[in-house]
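Listed here are the chains, written in short residue letters.
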Amino acid sequence: MHNIAAASGLVDLNVIPTAIQGVNIVVSKPVVEPRGSFIRLFCEEELSSLLDGRKIVQINRSLTCKPGAIRGLHYQHPPHAEMKMVRCLKGRVWDVAVDLRRGSPTFLHYHAQELSVENNEMMIIPEGCAHGFQILEADSELLYLHTAAYAPDAEGGLRYDDLLLSINWPLPVSELSSRDQSHSLLSEHFQGLDT
Ligand SMILES: Cc1cn([C@H]2C[C@H](O)[C@@H](COP(=O)(O)OP(=O)(O)O[C@H]3O[C@@H](C)C(=O)[C@@H](O)[C@H]3O)O2)c(=O)[nH]c1=O
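The rules we used
Residues numbered from 1 in each chain as written. Predicted model: local features only at pLDDT ≥ 70, side-chain atom pairs only at ≥ 80, totals over all residues. Heavy atoms only, no water. UniProt positions renumbered as here; feature names shortened; annotations may be inferred. Near = heavy atom within 4 Å. Polar contact = N/O pair within 3.5 Å; in protein donor to acceptor, adjacent residues only side chain to side chain. Areas by Shrake-Rupley, 256 points an atom, 1.4 Å probe, with all protein chains shown as cover. 1 Å grid on protein atoms, 1.4 Å probe; cavity = no way out; pocket = protein on both sides within 12 Å on 5 of 7 lines; lining within 4 Å. Sits in = over half its atoms within 2 Å of the grid points. Helix = DSSP H or I, 4+ residues; strand = E, 2+ residues; numbered from the N terminus. Nonpolar A, V, L, I, M, F, W, Y, C, P; charged D, E, K, R; others polar. Points joined across faces, edges and corners; volume = space filled by probe spheres on them. Salt bridge = Lys/Arg side-chain N within 4 Å of Asp/Glu carboxyl O. Buried < 20%, exposed > 50% of the residue type's maximum accessible area, 1.4 Å probe, protein only. Pairing = 2+ DSSP bridges. Axes fitted to C-alpha atoms, helices over the stretch in contact; angles between N-to-C directions.

- Under an unreviewed UniProt entry, the protein has the name dTDP-4-dehydrorhamnose 3,5-epimerase and belongs to Mariprofundus aestuarium.
- Reading the Catalytic activity (unreviewed entry) entry of the UniProt record for the protein gives the comment "dTDP-4-dehydro-6-deoxy-alpha-D-glucose = dTDP-4-dehydro-beta-L-rhamnose".
- According to UniProt, the comment filed for the protein under the heading Function (unreviewed entry) is "Catalyzes the epimerization of the C3' and C5'positions of dTDP-6-deoxy-D-xylo-4-hexulose, forming dTDP-6-deoxy-L-lyxo-4-hexulose."

### Notes on the site of the ligand
Okay, so step 1: The immediate surroundings of the ligand are formed by Gln58, Asn60, Arg71, His74, Lys84, His131, Gly132, Tyr144, His146, Tyr150, Glu155 and Arg179.
Okay, so step 2: In the model, an oxygen atom of the ligand is placed 3.2 Å from a nitrogen or oxygen of the Gln58 side chain.
Okay, so step 3: Taking 650 Å² as the accessible area of the ligand by itself, protein coverage stands at 64%.
Okay, so step 4: For the ligand, the cavity whose grid points lie within 2 Å of the majority of its atoms is the largest pocket.
Okay, so step 5: Those elements giving two or more residues to the shell around the ligand turn out to be strand E6 (58-64), strand E7 (70-76), strand E12 (129-135) and strand E13 (140-146).
Okay, so step 6: Looking at the shell around the ligand residue by residue, the class counts come to two nonpolar, six polar and four charged.

### Regarding the layout of surface pockets
Okay, so step 1: Estimated volume of the largest pocket: approximately 500 Å³.
Okay, so step 2: Surrounding the largest pocket, 27 residues form its lining, Arg71, His74, Tyr144, Glu155 and Arg179 being those nearest its centre.
Okay, so step 3: Within the residue set of the lining of the largest pocket, elements represented by two or more residues are E6, E7, E12, E13 and helix H2 (178-181).
Okay, so step 4: For the lining of the largest pocket, the leading source of residues is E7, giving six residues.
Okay, so step 5: Here the residues of the lining of the largest pocket are counted per class, giving eight nonpolar, 11 polar and eight charged.

### Let's talk about the pattern of salt bridges
Okay, so step 1: Counted under the stated rule, the structure contains 11 salt bridges.
Okay, so step 2: Across the salt bridge formed by Arg92 and Glu137, the nearest N and O atoms sit 3.0 Å from each other. One end of the pair, Arg92, is in strand E9 (residues 92-99); the other, Glu137, is in the loop between E12 and E13, with 45 residues separating them in the sequence.
Okay, so step 3: Of the residues examined, Glu137 reaches a relative accessible area of 34% and is grouped as partly exposed.
Okay, so step 4: The residue Glu155 makes a salt bridge to Arg179 at a minimum N-O spacing of 3.0 Å. Of this pair, Glu155 sits in strand E14 (residues 155-157) while Arg179 sits in helix H2, and the two are 24 residues apart along the sequence.
Okay, so step 5: The class of Arg179 is partly exposed, set by a relative accessible area of 37%.
Okay, so step 6: A single network of salt bridges, built from pairs that share partners, joins Arg92, Glu114 and Glu137.

### Focus: the sheet that holds E7
Okay, so step 1: Strand order in the open sheet formed by five strands is E10-E9-E12-E7-E14, and the pairing between neighbours is antiparallel. Bordering the open sheet on either side are strand E10 (110-116) and E14, each of which pairs with just one other strand. Within this sheet the neighbouring strands show an average axis-to-axis angle of 25 degrees, counted without direction.
Okay, so step 2: As judged from the three bridges shared by E7 and E14, these two strands associate in the antiparallel manner.

### A word on unusual backbone geometry
Okay, so step 1: Residue Gly72 is joined to Leu73 through a cis peptide bond whose omega torsion reads 10 degrees.
Okay, so step 2: Along the polypeptide, Leu73 turns up in strand E7.
Okay, so step 3: With omega at 5 degrees, the peptide bond leading from Pro78 into Pro79 counts as cis.
Okay, so step 4: Among the secondary structure elements, Pro79 is positioned in the loop between E7 and strand E8 (84-90).
Okay, so step 5: Notably, Asp52 is not glycine yet its phi reads approximately 50 degrees, a positive angle.
Okay, so step 6: Residues other than glycine seldom take positive phi values, yet Asp139 does so here, at roughly 60 degrees.
Okay, so step 7: Examined against the element boundaries, Asp139 turns out to sit in the loop between E12 and E13.

Listed below in C-alpha cells is the structure:
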C-alpha cells in the first residue's frame, strides 16, 4: 500500500494496487468525532497520478433491491471509453473488474472483492476493463464517478457466466436485466479491446 495523500489533506486516501494494472482500490479513513463522522470520498489532487488528466464528468447512484442480483458486466468502447470509480453507499456488494485490453498481461483476468459501507473501499476501473457487481445485502447502493459521458450506443457487455472468465459469484443469481441476459459470450478468438 502506498500513501499518496496531499500534505494539505485532513483525511487521506490510500491506494492499493491489484494484480490488474490500473485497477486500484482506494481506501478512505473516516474521522470519527462526537457529532458522527467525516469521510473524504474523492480528491482530485490526491488521486492525480491515477487520474492522469482525466476529469470526473458524471456521478451516478444505483439502488439494487434483491440479494443475489447482478448488474453487468459493462464497458464503453472508444472514443467513449471511461475510467469508473465505484463505491458502496449502503449494504454490501461483490464488485468485479475484468481486463479486456488487447496485449495486457492480465487479459481476461478479473479482480473481485467486497465493497461495503464498513470497509470504505472504492474500486477504480480503467478504460478497457468491464465492470459488474452482485449485491450481497438487500437494498445495496453504489455510487459511480465517471470520466466520460453515458454513451449507450457505445456500450459493450459480457455475460456474468462466461466460461472464458469463470467469475466466482458468491450468491446464486436472483435477478439480471434482459439486456444483461442478452450479451454475447466471448469468442475464443477475441483478441481484446484497443484502448
Ligand atoms: C448507466 C446509465 C443508465 N441510465 C439509464 C438507462 C436506463 O433507463 C436505466 C438503467 O440503465 P442500465 O440498465 O444500463 O443500468 P445498469 O445495468 O445499472 O448499468 C450500470 O451497470 C454497472 C455494472 C456499471 O458499471 C455502470 O456503469 C452501468 O453500466 O438508467 C442513464 O440515464 N445514465 C447512465 O449513465
